[in-house]
Amino acid sequence: MLLCCWLALVALIPTTSSTNPGVKVKLTEKGLEYGRQLGMTSIQQKLKTIKVPDFSGKQTVSPIGKVQYSLSNMHIVNVGLPKSTVDLVPGTGVRLSIGNAFLSLHGNWRVKYLRIIKDSGSFDLNVNGLTITTAIAIKSDETGRPLVSSVNCAATVSSAKIKFHGGASWLYNLFSKFIDKALRNALQKQICPLVADAVSDLNPHLKTLNVVARVDQYAEIEYSMVSSPTVSKTSIDFSLKGEFYNIGKHQEPPFSPAVFSLPPQISNMLYIGVSAFTTNSAGFVYNKAGALSLYITDDMIPQGSPIRLNTRTFGAFIPQIAKSFPGLMMKLLVKTVKNPIITFQPNNVTVQASGTVTAYAIQPNATLTPLFILNLETSVSARVFVSGTRLAGAVSLNKMDLTLGTSYVGQFQVRSLDSIFQMVLKLVVIPKLNVQLAKGYPLPTLGKMKLVNTQLQVLKDYMLIGTDVQFTG
């Protein structure tokens, strides 16, 4: 993935209004160093494409006199970049420096002197002490994705040593006095444009950034930047929107992200902080889409359970049901009536959900007759984990509270139904929910990016993911 491994995160700087982020990302010096190691391959390949123009002219060379000369068919055979660094410039950005680089060229030479004498052969040229320094400018394109370019590039070649194959020793005088400087200047002029090309070649890769990532048929999450990055001596910090939206309809939730800060950890390449705002925006989206509802029928209850969804079972607790609707199967509708509330405390994620349970008798003609509606308050604990490049989870029931909302079968003791609905939640609703939560949602990634050595901590008001990265392909 070349240089984009570290420039991609540096480059996410669309111009947007300044608001608190839902997600924060910290790119450390360790991450930049990994990108530098991969990035040198791109620049090395670009420098191998240097096209050195043919040289020709007439000069007076001792002891021969006037000499017509030409150097032609010059091409690069080797490029070495033994030393390079990537530096953070606080308040500015990134500086790439390459030192002690070298180039090896091969070409042909031809001379004519004393009017009639001609000679020719080949030569090898070693260029040493090549230094390159460039800064990376980052801006947003028309789609809000990053666009990078090389600025303030400088390149110098300190020395060149030539080996002529064939010819007399005076050829070295010709090179050192008349050709050496011109050839080094010609090389220097090509280096910075090629470095600029190497940086520009990153832009197609940067377009793979999942600025808007689809989650499922209901939701997508936006990772655009809400402000420019903050560059310090040890890291680059990014503020991402980190908000879920209904697909095709971006409606803001009735709450805003709170301020939070990442701890000063730098042992991993990358840190991602996901706030409670991000997960609560997901709850808002799924509730609004009507996705937090589930019809439950008897075939969803484990076969070995003595409790069945029929009027016989419920009639044992509510006699009017057995009397009015004998021998009928039942159906339950469980749905949320408010946005679920997710809270983060150290080592603890809790979800509070308010909903209703509507019980129906299924008539012989398949119509549904409502029996009662219960108000349902639940609290679940969530275990959150990283799966691949997605953030996933699983929940378990903490407590449940039922109250009567509406009854079409007379008054009854709701508490008598606690065991039934505990079973329904634990054996049907929560397993169904966990299947979806296990699929997770995408974290901000680039191309074929792999997260390794990943750790997740739950802190107050946010989760912190510390990870290294690998790029494949």
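A brief report on the enclosed structure follows.

What counts as what
- Residues numbered from 1 in each chain as written.
- Predicted model: local features only at pLDDT ≥ 70, side-chain atom pairs only at ≥ 80, totals over all residues.
- Heavy atoms only, no water.
- Pairing = 2+ DSSP bridges.
- Helix = DSSP H or I, 4+ residues; strand = E, 2+ residues; numbered from the N terminus.
- Axes fitted to C-alpha atoms, helices over the stretch in contact; angles between N-to-C directions.
- Contact = heavy atoms within 4.5 Å.
- Phe/Tyr/Trp six-rings, centres within 6.5 Å; stacked < 30°, edge-to-face > 60°.
- Buried < 20%, exposed > 50% of the residue type's maximum accessible area, 1.4 Å probe, protein only.
- Lys NZ or Arg CZ within 6 Å of the ring centre and 35° of its normal.
- Disulfide = S-S within 2.5 Å.
- 1 Å grid on protein atoms, 1.4 Å probe; cavity = no way out; pocket = protein on both sides within 12 Å on 5 of 7 lines; lining within 4 Å.
- Points joined across faces, edges and corners; volume = space filled by probe spheres on them.
- Nonpolar A, V, L, I, M, F, W, Y, C, P; charged D, E, K, R; others polar.

All right, on to the pairing of strand S18 (residues 368-387) then. As paired elements, strand S17 (residues 348-362) and S18 share 14 bridges and run antiparallel to each other. In the strand pairing of S18, Ala 359 is matched with Phe 372. The hairpin formed by S17 and S18 contains five residues between the paired strands, and Ala 366 there has a positive phi angle of roughly 80°. Looking at chain direction, S18 and strand S19 (residues 390-407) are connected through 16 bridges and run antiparallel. When the bridges of S19 are listed, Leu 374 appears paired with Leu 404. The hairpin formed by S18 and S19 contains two residues between the paired strands, and Gly 388 there has a positive phi angle of roughly 65°.

Strand order across the open sheet formed by three strands is S8-S9-S12, with antiparallel pairing between neighbours. The open sheet has two edge strands with one neighbour each: strand S8 (212-214) and strand S12 (243-246). Put simply, the sheet's adjacent strands are angled 30° from each other on average, direction ignored. Judged from the three bridges that link them, S8 and strand S9 (residues 219-222) form a sheet pairing that is antiparallel. Residue pairing across strands places Val 212 opposite Glu 222, the latter belonging to S9. Where helix H5 (residues 276-288) meets the sheet, its contacts fall on S9 and S12, and the angle it forms with S12 comes to roughly 10°.

Moving on, we get to the packing of aromatic side chains. Evaluated as defined, the whole model comprises nine aromatic pairs. Centroid distance Phe 123 to Phe 164: 6.4 Å. Interplanar angle 55°. Geometry classified as tilted. With a gap of 41 residues between them, Phe 123 in strand S6 (residues 117-140) and Phe 164 in strand S7 (residues 146-165) connect regions that are remote in the sequence. Of the two residues examined, Phe 123 and Phe 164, each falls in the buried class. An aromatic cluster is present here, built from Phe 314, Phe 372, Phe 412 and Phe 421 joined pairwise through their rings. Lying across the ring of Phe 260, Lys 24 places its NZ or CZ 5.4 Å from the centre. The ring of Tyr 295 has Lys 331 sitting right over it, with the charged end atom 5.1 Å from the ring centre.

What follows covers the state of the cysteines. Scanning the entire structure with this criterion turns up one disulfide. Between Cys 153 and Cys 192 runs a disulfide, and the two sulfur atoms are separated by 2.2 Å. Sign of the S-S torsion, about -85° for the bond between Cys 153 and Cys 192, identifies this disulfide as left-handed. Here Cys 153 is found in strand S7, whereas its partner Cys 192 is found in helix H3 (residues 170-200), with 39 residues between them in sequence. Classification of Cys 153 by relative accessible area gives partly exposed; the value is 25%. On the basis of relative accessible area, Cys 192 is assigned to the buried category, the value being 16%.

Quick look at the layout of surface pockets now. For the largest pocket, the calculated volume is near 1400 Å³. Of all elements in the fold, only H5, strand S14 (293-297), strand S15 (330-336), strand S16 (341-345), S17, S18, S19 and helix H8 (418-439) reach the threshold of two or more residues within the lining of the largest pocket. Considering each element in turn, the lining of the largest pocket owes the most residues, eight residues, to H8. As a volume, the second largest pocket reaches approximately 180 Å³. Lining of the second largest pocket is provided by 14 residues; of these, Ala 258, Ala 276, Phe 277, Asn 280 and Asp 461 occupy positions nearest its centre. Elements that contribute at least two residues to the lining of the second largest pocket include exactly H5 and S16. The class makeup of the residues in the lining of the second largest pocket is eight nonpolar, five polar and one charged.

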